[in-house]
Amino acid sequence: MTWVYRRKGSSGAVKDKFKNRTAALERFKYPILILIAGVLLMLLPGPGEGKSTELSGDELVAHILSSSDGVGEAKVLISDSGVVVVCTGADDASVRLDIIRAVGSYTGFGADKITILKMADGA
């Protein structure tokens, strides 16, 4: 014979807790579903993700500078300590100032961390 010991009234308290929790879940059912759907949508890859056609920071700055007036062809190297820009229009002071402003705006580096060099004719 097996004896089962129960405290008096304990099963009623458990049922009440369970009812309270299910009532709370029932009340917040739709907000929880919307939250889960939002998280799933954020985890899905977007239309542009995963494509190799995206430009890196260096290539993006070089592309923008090359399309600017007077810069000509440009190549850019961005590191943690500064930026080097090599372009055909580097001999013009106003072009150099425009490059410093543009690169500084993009990277946050000051003029002392941005070096602009003249590109060789054959390069």
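Above this text you will find the structure in question.
Note that the structure is predicted; figures quoted are calculated from it, not measured.

*Asks:* Is there a simple way to explain the overall build of the chain in this structure?
*Replies:* Within the chain, the secondary structure is distributed over 4 helices and 3 strands. Counting every position in the chain, which comprises 123 residues, the buried fraction comes to 15%. Summed over all atoms, the accessible surface of the chain reaches about 9,900 Å², with 60% contributed by carbon and sulfur.

*Asks:* Looking at this structure, I do not really get the sheet that holds strand 3 (residues 114–118). What am I missing?
*Replies:* To summarise the sheet geometry, strands pair through backbone hydrogen bonds and adopt either a parallel or an antiparallel arrangement. One open sheet accounts for 3 strands, arranged 1-2-3; its pairing is mixed. Looking at strand neighbours, the two that pair on one side only are strand 1 (74–78) and strand 3, the edges of this open sheet. Direction aside, neighbouring strands of the sheet carry axes that sit 15° apart on average. Across the sheet, helix 3 (residues 57–66) lies against strand 1 and strand 2 (83–87), angled at about 145° from strand 1, the strand it touches most. Its contacts with the sheet place helix 4 (residues 93–107) against strand 1, strand 2 and strand 3, and it is angled at close to 140° to strand 3.

*Asks:* Teacher, can you tell me more about the nonpolar core here?
*Replies:* Buried together is how nonpolar side chains tend to be arranged in soluble globular proteins. By size, the foremost hydrophobic cluster in this structure holds 15 residues, and its most contacted members are L65, V85, I99 and V103. Residue assignment for this core shows that the elements contributing at least two residues are helix 3, strand 1, strand 2, helix 4 and strand 3. Once you skip the residues sitting within four places of it in the chain, V85 turns out to touch L65, K75, V76, I99, V103, T115, I116 and L117.

*Asks:* What is the right way to look at the pattern of salt bridges in this model?
*Replies:* Pairing is possible between side chains that carry opposite charge, provided their charged atoms lie close to one another. Summed over all chains, the structure comprises 2 salt bridges. Linking K29 and E26 is a salt bridge whose minimum nitrogen-to-oxygen distance equals 3.2 Å. Across the pair D91 and K118 runs a salt bridge whose closest N-O atoms are separated by 4.0 Å. Highlighted residues: D91 in the loop between strand 2 and helix 4 and K118 in strand 3, separated in sequence by 27 residues. K118 sits in the partly exposed class, given a relative accessible area of 43%.

Rules and cut-offs
- Residues numbered from 1 in each chain as written.
- Predicted model: local features only at pLDDT ≥ 70, side-chain atom pairs only at ≥ 80, totals over all residues.
- Heavy atoms only, no water.
- Helix = DSSP H or I, 4+ residues; strand = E, 2+ residues; numbered from the N terminus.
- Buried < 20%, exposed > 50% of the residue type's maximum accessible area, 1.4 Å probe, protein only.
- Areas by Shrake-Rupley, 256 points an atom, 1.4 Å probe, with all protein chains shown as cover.
- Pairing = 2+ DSSP bridges.
- Axes fitted to C-alpha atoms, helices over the stretch in contact; angles between N-to-C directions.
- Contact = heavy atoms within 4.5 Å.
- Core = buried A, V, L, I, M, F, W, Y, C linked by side-chain atoms within 4.5 Å.
- Salt bridge = Lys/Arg side-chain N within 4 Å of Asp/Glu carboxyl O.

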